[in-house]
Amino acid sequence: MRVAVAEDSVLLREGIVRLLTEAGIDVVAQSGDAEDLLRKVRAHKPDVAITDIRMPPSHTDEGLKAAQQIRSELPQVGVLVLSQYVEQAYAMELLADNAAGLGYLLKDRVADVDAFLDAVRRVADGGSALDPEVVSQLIGRRRRDDPLEELTPRERDVLGLMAEGRSNGAIAEELVVTERAVEKHVTSIFSKLDLSSSGQDHRRVLAVLAYLRA
Amino acid sequence: MRRLGREPVGLALLGLLYGLAVGGLILGSNHVDGRLAYAGLGLLVGWSFIGTGVFASWRRPANRFGGLLTAVGFAWITSGLYAANPPVIFMFGLLFGNVWIVLLAQALLAYPSGELETQREHRIMAAAWTSGLLLQIPVVLFLGTPDDHFCKDCPSNPLLLVDNQATTQVFLVLQGVVGVAALVGLTVVLVQRWRAAAPARRKELGNVLWLGLAAAVLFSLQLSLQTLQLDGAVANLVFLLAMVCVVAVPYGFLAGILRTRFSRAEAVNELVERLGATPAGEGGLRDALATALEDPDLSLAYWLPGQSRYVDAAGRPVELPQRGSDRAVCPVEREGRPIGAIIHDAALSEHTDLIRAAGAAAALALENERLDAEVRARVEDLRESRARIVQAADEERRRLERDLHDGAQQRLVALALTLRVARSKMDGDPEQAAALLDEAAAELGLATEELRELARGIHPAVLTDRGLGPALDALAGRAPLPVELKQLPGDRLPAPVESAAYFVVSEALTNVSKYAQASYAQVSVERVNGRVTVEVRDDGVGGADPARGSGLRGLADRVSALDGRLEVDSEQGRGTTVRAVVPCE
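Description of the structure in this document.

Cut-off values and rules
- Residues numbered from 1 in each chain as written.
- Chains lettered and ligands numbered in written order.
- Predicted model: local features only at pLDDT ≥ 70, side-chain atom pairs only at ≥ 80, totals over all residues.
- Helix = DSSP H or I, 4+ residues; strand = E, 2+ residues; numbered from the N terminus.
- Buried ≥ 20, exposed ≤ 12 C-beta atoms within 10 Å, placed from the backbone.
- Contact = placed C-beta atoms within 7 Å.
- Pairing = 2+ DSSP bridges.
- Axes fitted to C-alpha atoms, helices over the stretch in contact; angles between N-to-C directions.
- Core = buried A, V, L, I, M, F, W, Y, C linked by C-beta atoms within 7 Å.
- Arc of directions from axis to C-beta.
- Parallel < 35°, antiparallel > 145°, perpendicular 65-115°, else oblique.
- Nonpolar A, V, L, I, M, F, W, Y, C, P; charged D, E, K, R; others polar.
- Left-handed = near helix turned anticlockwise from the far one by under 90°.

## Describing the overall build of chain B
So, point 1. A tally of regular secondary structure across chain B gives 17 helices and 9 strands.
So, point 2. Looking at chain B as a whole, 35% of its 585 residues are labelled buried.
So, point 3. Partitioning the contacts of chain B with sequence separation of at least 6, the portion at a separation of at least 24 is 65%.

Structure below.
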């Protein structure tokens, strides 16, 4: 797997690069700002571009814009956006109408190496990786006549993991249940929330998020 | 000026006719000497009192002083009936001959208010009526006329019970003693009244008080001499002097009114000239008004229409004196709008027209000073809110320091320790070292999370990057109750406005979740006609007091720093609405 990394903090960038390299991932490009990242991504066409949001020169949302640029210009390149904090607003901007090959994670998640590498691989394979924080903000949001109240606690867990972009297999592993049980939960959730189920994981993400945002 | 009504004219006419009738009786008298002088002087005194009394009543109908003066005039003329030849009329004059002096005493005691006010004054009047009228009855009952000693040409007394000189004498002495006591009491009251009068009042009241005082002293002297049956010639001279004072009372009263009227009118004229010539400087207007109205303690209050309150020249709030206190208020208007008030001695309330004239003359200058005061009040408010903002910022910094110190910093110290221990275990017990490292990583995760929350509390980055909508959306998402974003501006607003709006919503939602017991809240931010209105409405218990929490106070300061205002509607049981309106062109 080939990856490009953009992060203006050298310390963190090297940490991420080392982590990836040790996991056998090929880091083909490193950048300290979004301009440089775009240039290198266009040249190397990696499987995944990992980018920070706040970068020079203005330290606002350069990385976000670069991510969107990459997604529209090179749809085959997965994009994993890292941020010091996560906001639903950014998640929605990134997702737009396509959750394929997209990740949006807190920088902290890098420390949980296995989960992080799993997210990178998912994005590289055209799946999604949405930070649990964003998901819990969406699910935790209080609503009048909340339809989520009809879900069992276990179903809520499953809903959250689906929204993060996990596959049924991954969810089963996480919750230590059989994949068959997860499938039953998913069916129940979709019928309770009156959603039409769709096959692929990243489409499922979009459907669930759209529902939660409504 | 008030028009002369029917009543005063009728009263004056009645006095005139009554006087003429009694004058005729005096001229035809067969038992008094110097009839022409008696009649002429008598009528002059009577008519003076009646005329002055009628004038005073017409000028101040509510004040009974004028009525008392008129009564003195009629009673005085009545005393002239003593000269009448028909026995019944003669007896009438004899019986009521002293009533005028009792009424004069009452008028003096009641001056200037027209009312007897103290218990002591009522007691003095009781003594006066006893001496002047009550004790006169037995005197008349035992006084046989004609009588060689008393009046040898007088008509016979139709009320005579028994002709007994000794009894008459006893009652005359009793009459004298009680009368002197009443007169001494009157003297004391008049002296005290003079001393208590404000300088501005002395000029007006002085004449009557001094003349009344002199008359009271002289009458008491004369009555003492007469009662003790001492030198008759001296007693007559003293009586004459006393009468001079009495005659002068109505004229002194008129002179007092005219004098103050003229001097005040002149002072107001001067005020107009002075204010026209030079703009009044600091306190200049107040001093000018104090001089013109002769009230050194006079003060001014300026009306702030925006805040519906009075302030002084320095911009500090002013409490207007209550009704019934010794200070009174005269509002000043300009072009129909209130601009301020003159706070003056309540004694000046009798001259409201003068104060109004002075106020009208000073209105322009007062308006200027009012604008000054308004600016000062604003500066004063700003100074206070700036102090609060500085204090709030200090408190915020202290809170941050505490949060950092108790939170992330402690965790990092613990982390360093954990790592050291893990390092030492690396060779001997690699398994425990690994566990410790996991623990350290978890600890580090918590520290980062805390720092992230702290940073968000200081200033949410999404507000700067994406504006109010996404920032409020995130805020609503984290709130522990359903929050509906009803309306949000489509475009970005100026950063300070966005920031103020965000913190208004944030603080309001915090309050809602802490106190309101609400099930639902609504947030809207609207930009209309150059103003941004931020509104947070809940369906909770209401009854929030905006003065109570420092949070709302701080919000009000933040909003007013942008020239906006913060309103809180929180009727008990009707939910709470916090509304901030900020100008935004």
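Continuing now.
## Some points on the overall build of chain A
So, point 1. Tallying secondary structure elements over chain A gives 10 helices and 6 strands in all.
So, point 2. Looking at chain A as a whole, 44% of its 214 residues are labelled buried.
So, point 3. Look at the contacts in chain A between residues 6 or more apart in sequence, and 62% of them connect residues 24 or more apart.

## Section: the interface of chain B and chain A
So, point 1. Of the residues lining the interface, 20 residues belong to chain B; the matching set on chain A comes to 14 residues.
So, point 2. Looking at the side of chain B that touches chain A, the elements that each hand over two or more residues are helix H13 (430-458), helix H14 (461-466) and helix H15 (468-478) of chain B.
So, point 3. Among the elements that make up the side of chain B that touches chain A, the one with the highest residue count is H13 of chain B (6 residues).

## A word on the pairing of strand E6 (residues 521-528) of chain B
Residues and elements named next belong to chain B.
So, point 1. The sheet contact formed by strand E5 (residues 483-487) and E6 spans 4 bridges and is parallel. Bridge assignment links Gln487 to a residue of E6, and that residue is Ser524.
So, point 2. The pairing of E6 with strand E7 (residues 531-538) spans 8 bridges and is antiparallel. Across the sheet, Ala521 pairs through a bridge with Asp538, a residue of E7.
So, point 3. Turn length for the E6-E7 hairpin, with the two strands adjacent in sequence and antiparallel, is 2 residues, and the turn residue Asn529 shows positive phi of about 50 degrees.

## Considering the sheet that holds E5 of chain B
Residue and element names in this part refer to chain B.
So, point 1. Ordered by their spatial adjacency, 5 strands build an open sheet running E5-E6-E7-E9-E8, and the pairing between neighbours is mixed. Because the sheet does not close on itself, it has two edges, and the strands there are E5 and strand E8 (565-569). Recorded for the sheet is a direction-independent mean angle of 15 degrees between the axes of neighbouring strands.
So, point 2. Sheet strands touched by H15: E5 and E6. Its angle to E5, the strand with the most contacts, is close to 160 degrees.
So, point 3. Against the sheet, helix H16 (residues 495-516) touches E5, E6, E7 and strand E9 (577-583), its axis set at about 10 degrees to E7.

## Description of the nonpolar core
So, point 1. With 97 residues, the main nonpolar core has Leu80, Tyr104 and Ala163 of chain A together with Ala501, Val504 and Val505 of chain B as its most contacted residues.
So, point 2. Here the element with the most residues in this core is H16 of chain B; it accounts for 10 residues.
So, point 3. Apart from residues no more than four positions distant in its own chain, Val504 of chain B is found in contact with Val534, Leu555, Val559, Val578 and Ala580 of chain B.
So, point 4. If you look at the next biggest cluster of nonpolar residues, it comprises 73 residues, including Ala12, Ile26, Leu81 and Leu186 of chain B.

## Observations regarding the environment of Gly165 of chain A
Residue and element names in this part refer to chain A.
So, point 1. Residue position: Gly165 is located in the loop between helix H7 (153-164) and helix H8 (168-175).
So, point 2. Separated by 37 residues in sequence, Gly165 and His202 place their C-alpha atoms 6.1 Å apart.
So, point 3. Setting aside chain neighbours within four positions, we find Gly165 in contact with Ala99, Arg122, Gly127, Ser128, Ala129, Leu130, Asp201, His202 and Val205.

## Remarks on unusual backbone geometry
Peptide bonds are trans in most cases, and residues, glycine excluded, mostly fall at negative phi.
So, point 1. Looking along the chain, the bond that leaves Pro56 of chain A and enters Pro57 of chain A is cis, with omega of 5 degrees.
So, point 2. Structurally, Pro57 of chain A is set in the loop between strand E3 (48-52) and helix H3 (62-73).
So, point 3. One non-glycine residue, Glu335 of chain B, lies in positive phi territory at about 50 degrees.
So, point 4. With respect to the helices and strands, Glu335 of chain B occurs in the loop between strand E3 (327-334) and strand E4 (337-345).
So, point 5. In this structure Glu335 of chain B comes out as exposed when scored by C-beta crowding, with 7 C-beta atoms within 10 Å.
So, point 6. A positive phi is found at Gln517 of chain B, a non-glycine position, where the angle reads about 50 degrees.
So, point 7. By the element assignment, Gln517 of chain B lies in the loop between H16 and E6.
So, point 8. On the basis of neighbour count, Gln517 of chain B is assigned to the partly exposed category, with 13 C-beta atoms found within 10 Å.

## Describing the sheet that holds strand E6 (residues 128-130) of chain A
All names here are of chain A.
So, point 1. The 6 strands lie next to each other as E2-E1-E3-E4-E5-E6, forming an open sheet whose pairing is parallel. Either end of the sheet is taken by a strand with one partner, and the two such strands are strand E2 (26-31) and E6. On average, adjacent strands in this sheet sit at an angle of 20 degrees to one another, irrespective of strand direction.
So, point 2. Relative to E3, strand E1 (residues 2-6) runs parallel, the two sharing 4 bridges. Note on E3: the bridge partner recorded for Val5 is Ile50.
So, point 3. Of the strands in this sheet, strand E4 (78-83), strand E5 (102-106) and E6 touch helix H4 (residues 88-95), which is tilted by about 165 degrees from E5.

## Overview of helix H6 (residues 119-134) of chain B
Residue and element names in this part refer to chain B.
So, point 1. The set of residues buried in H6 consists of Ile124, Met125, Ala127, Ala128, Ser131 and Gly132. Buried residues of H6, viewed axially, fall in a sector of 160 degrees; they line one side. Counted as exposed and oriented over 90 degrees from the buried face of H6: Gln119 and His122.
So, point 2. Where H6 is buried, its residues touch helix H5 (99-109), helix H7 (136-141) and helix H8 (165-196).

## As for the packing of H8 of chain A against helix H9 (residues 179-192) of chain A
Residue and element names in this part refer to chain A.
So, point 1. For the pair H8 and H9, the least separation of the axes is 8 Å and the interaxial angle reads 110 degrees. Relative to H9, H8 is oriented roughly perpendicular. The residues of H9 that touch H8, namely those facing Asn168, Gly169, Ile171 and Ala172, are Glu179, Val182, Glu183 and Val186.
So, point 2. Looking at side-chain class alone, the contact of H8 with H9 contains 4 nonpolar, 2 polar and 2 charged residues.

## Brief notes about the packing of H3 of chain A against H4 of chain A
All names here are of chain A.
So, point 1. Packing of H3 against H4 brings their axes to within 10 Å, and their N-to-C directions diverge by 20 degrees. One finds that H3 runs roughly parallel with respect to H4. Classified by chirality, the crossing of H4 by H3 is right-handed. On H4, the residues that touch Leu64, Ala67 and Gln68 of H3 are Tyr90, Glu93 and Leu94.
So, point 2. Taken together, the residues of the contact of H3 with H4 break down into 4 nonpolar, 1 polar and 1 charged.

## Remarks on helix H11 (residues 284-292) of chain B
So, point 1. By the burial criterion, the buried members of H11 of chain B are Leu285, Ala288, Leu289 and Ala292 of chain B. For H11 of chain B, the angular spread of the buried residues around the axis is 95 degrees, confining them to a single face.

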